[in-house]
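# Observations on the model geometry
Letter by letter, the chains look like this.
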Amino acid sequence: MSLDVVTEGLGRALPIVAFLLAITAVAELSDRAGVFDVIGHWIARHGRHRMWLLWLLVSAFAVTCTIFLSLDTTAVHRDHAWGDRPPALARSGHALCGGPTGRSA
């Protein structure tokens, strides 16, 4: 493996690692601020001890978080010149496994 390949790989991974570190920091700050406690109490209060409603509210919250995080990761992939790949493929990790063409080098 040449130095150029390693440098290219690190250059491709750096924005993704930076994004993961930033999201981890946001999650920690949110936890310290009590955001998750407030949301958990709200879900429990509105769930009214109904398992199906609690499941529905937790799922809705999880989907909402995933939508916003997926849009952010798609932006990281798009900004890093993955080409005209559809967002679903960019988020799926194909770009990390096989490069811009989706095939291993």
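Quick note: structure is the one above.
A few points on the structure. (Residues numbered from 1 in each chain as written. Predicted model: local features only at pLDDT ≥ 70, side-chain atom pairs only at ≥ 80, totals over all residues. Heavy atoms only, no water.)

### Section: the overall build of the chain
This is how it is decided: What counts as a helix is a DSSP run of H or I of at least four residues, what counts as a strand is a run of E of at least two, and both are numbered from the N terminus. Relative accessibility thresholds used throughout: buried, under 20% of the residue-type maximum; exposed, over 50%; partly exposed, between the two (1.4 Å probe, protein chains only). Accessible areas in this description were obtained via Shrake-Rupley with a 1.4 Å probe; residue shielding takes into account the shown protein chains only.
Each helix and strand counted, the chain has five helices and zero strands in total. When the helices and strands of the chain are listed from N to C terminus, the series reads α-α-α-α-α. Within the span of the chain, comprising 105 residues, buried residues form 19% of the whole. Accessible area of the chain: about 7900 Å², with a carbon and sulfur share of 69%.

### Points about helix α2 (residues 35-47)
So the rule is basically this: Expected span, for any helix, means 1.5 Å times one less than how many residues it has.
With 13 residues, α2 should cover 18 Å at 1.5 Å per step; its first-to-last C-alpha distance of 18 Å lies within 8% of that length. Where α2 terminates, the next one or two residues include R48, which has phi positive at roughly 50 degrees.

### With respect to a nonpolar patch on the surface
Counted only if it meets this: Think of a patch as exposed residues, more than 30% relative accessible area, with no salt bridge, where like charges cluster within 9 Å and nonpolar side chains (Val, Leu, Ile, Met, Phe, Trp, Tyr) cluster within 5 Å. Within this document, salt bridges are pairs made up of a side-chain nitrogen of Lys or Arg and a carboxyl oxygen of Asp or Glu, the two lying within 4 Å of each other.
Side chains of M1, L3, V5, V6 and L10 sit close together on the surface and give an oily, nonpolar patch of about 580 Å² of accessible area. Tracing the backbone shows M1 in the segment before α1 (3-33).

### Remarks on the side chain of S30
We count it as follows: Residues are treated as being in contact if the distance between any of their heavy atoms lies within 4.5 Å.
Structurally, S30 is set in helix α1. Ignoring any residue separated from it by four or fewer positions in sequence, one finds S30 in contact with V35 and F36.

### Details of α1
How we decide: Bend angle per residue: angle between axes fitted to the 7 residues ending at that residue and the 7 residues starting there.
With 31 residues, α1 ought to run about 45 Å at 1.5 Å a step, and its terminal C-alpha atoms sit 44 Å apart, in line with that. Along α1, the helix axis deviates most sharply at A13, where the bend reaches about 30 degrees; the proline P15 sits within four residues downstream. Every buried residue of α1 is listed here: R12, I16, F19 and S30. Following α1 by one or two positions, G34 adopts a phi angle in the positive range, close to 85 degrees.

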